[in-house]
Amino acid sequence: MKIFVDTAQIEEIRKVKEWGILDGITTNPTLLSKTGKPWKEAAMEILKEVSDKPVSLEVIATDFEGMVKEAKELAKMGDNVVIKIPFTVEGTKAIKALVSEGIKVNVTLVFSPLQALIAAKAGATYVSPFIGRLDDISHDGISMLEEIIQIYDVYGFETEIIAASIRHVDHVRRCALLGVDIATIPFKVIQQMFKHPLTDIGLTKFLEDAKKANISII
Ligand code: G3P
């Protein structure tokens, strides 16, 4: 499972990159607004930091022509730019147009298997089902994901699934068990994935015993 970081904060991106587990970045207007920087400056900083991995940047136009125009501008910002298009009828037309010009598209705001089916048929590079936001309204985000995986497997769609709106480590565990292609995870949740109290207790004991036994390797 590839790990994307769902953030526009450059410090968070740098840390995950240092840890050696970064496969890509997803942003949206909300995440970019939280940086407090002009959006273009924040986006360019990210594209420079992870120039060899996909970085999703979202359009804000909602009509076909506007989305295509904005997507082409965003695509000029770097070879690794992936255009995030909201799942709508106009967005679906834009997916087809952009993909036919070699521009990679990540279809966002997907909340049902049928929306994911349409996105794949339109040729989307990635589809982003929102797990947490479905859970928030007492639906089951993971079940939606399971059905999308099943449909894509049955028909052999090449669209990669990015599990998005991940809220906690159990979401990540369940995504991994389902074999999802990618999970885009908030920085805080990635930090939590490292944690287990028995690891900390075990390490303390090993270090105490190393001292007792006068073990000094170098
Ligand atoms: O990047 C889109 C998605 O992951 C947003 O998540 O937490 O705002 O529902 P959230």
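Residues numbered from 1 in each chain as written. Predicted model: local features only at pLDDT ≥ 70, side-chain atom pairs only at ≥ 80, totals over all residues. Heavy atoms only, no water.

Once that is clear, we can look at the packing of helix α8 (residues 141-155) against helix α9 (residues 169-178). The contact between α8 and α9 brings their axes to 11 Å, and the two run at 20°. In terms of orientation, α8 lies roughly parallel with respect to α9. By crossing handedness, the relation of α8 to α9 is classed as right-handed. Taken together, the residues of α9 that come into contact with α8 (itself represented by Ile142, Leu145, Glu146 and Ile149) are His171, Arg174, Cys175 and Leu178. Of the residues assigned to the contact of α8 with α9, the class counts are five nonpolar, one polar and two charged. (Axes fitted to C-alpha atoms, helices over the stretch in contact; angles between N-to-C directions. Helix = DSSP H or I, 4+ residues; strand = E, 2+ residues; numbered from the N terminus. Parallel < 35°, antiparallel > 145°, perpendicular 65-115°, else oblique. Left-handed = near helix turned anticlockwise from the far one by under 90°. Contact = heavy atoms within 4.5 Å. Nonpolar A, V, L, I, M, F, W, Y, C, P; charged D, E, K, R; others polar.)

This part takes up the packing of aromatic side chains. With the rule as written, the count across this model stands at six aromatic pairs. Seen in terms of ring centroids, Phe4 and Tyr126 are 6.3 Å apart; in terms of plane orientation they differ by 70°. Their pairing is edge-to-face. Taken together, the positions of Phe4 in strand β1 (residues 2-6) and Tyr126 in strand β6 (residues 126-129) put the pair 122 residues apart, joining distant regions of the chain. Exposure remark for Phe4: the relative accessible area of 2% places this residue in the buried category. For Tyr126, a relative accessible area of 7% translates into the label buried. Taking the centre distance of 5.7 Å and the plane angle of 20° together, the rings of Trp19 and Phe187 count as stacked. Of the two residues, Trp19 is situated in the loop between α1 (10-18) and β2 (24-26) and Phe187 in helix α10 (residues 187-193); the sequence distance between them amounts to 168 residues. A relative accessible area of 9% places Phe187 in the buried class. By way of ring pairs, the aromatic residues Trp19, Phe187 and Phe194 are connected into one cluster. (Phe/Tyr/Trp six-rings, centres within 6.5 Å; stacked < 30°, edge-to-face > 60°. Buried < 20%, exposed > 50% of the residue type's maximum accessible area, 1.4 Å probe, protein only.)

For the ligand, the full set of nearby residues is Asp6, Asn28, Lys84, Phe130, Arg133, Ala164, Ser165 and Arg167. Taking Asp6, its side chain carries an N or O atom lying 2.5 Å from an oxygen atom of the ligand. Here an oxygen atom of the ligand sits 2.7 Å away from a polar atom, N or O, in the side chain of Ser165. Out of a free accessible area of 310 Å², the ligand has 83% covered by protein chains. Residues belonging to the shell around the ligand are distributed by class as follows: two nonpolar, two polar and four charged. (Near = heavy atom within 4 Å. Polar contact = N/O pair within 3.5 Å; in protein donor to acceptor, adjacent residues only side chain to side chain. Areas by Shrake-Rupley, 256 points an atom, 1.4 Å probe, with all protein chains shown as cover.)

Another point: the packing of helix α4 (residues 64-75) against helix α5 (residues 89-100). It is the contact of α4 with α5, at a shortest axis distance of 8 Å, that shows an interaxial angle of 40°. By the angle class used here, α4 and α5 are oblique. With respect to the hand of their crossing, α4 and α5 are arranged in right-handed fashion. Taking contact as the criterion, the partners of Phe64, Met67, Val68 and Ala71 in α4 are, on α5, Glu90, Gly91, Lys93, Ala94, Ala97 and Leu98.

Looking now at the pattern of salt bridges. All chains considered together, the criterion is met by twelve salt bridges. A salt bridge links Glu45 to Lys37, with the nearest nitrogen and oxygen atoms 2.7 Å apart. The class of Lys37 is partly exposed, set by a relative accessible area of 29%. Close ionic contact of Lys212 with Asp209 constitutes a salt bridge, the shortest N to O distance being 3.4 Å. Here Lys212 pairs with Asp209, and both are found in helix α11 (residues 197-212), just three residues apart, close to one helical turn. With a relative accessible area of 64%, Lys212 lands in the exposed category. Residues participating in the shared-partner salt-bridge network are Arg14, Lys17 and Glu49. (Salt bridge = Lys/Arg side-chain N within 4 Å of Asp/Glu carboxyl O.)

This paragraph deals with unusual backbone geometry. A positive phi angle, near 65°, is found at Ser138, a position not held by glycine. Within the secondary structure, Ser138 is located in the loop between α7 (131-136) and α8. At Asn214, a residue that is not glycine, the phi angle is positive and equals roughly 50°. The class for Asn214 is exposed, based on a relative accessible area of 68%.

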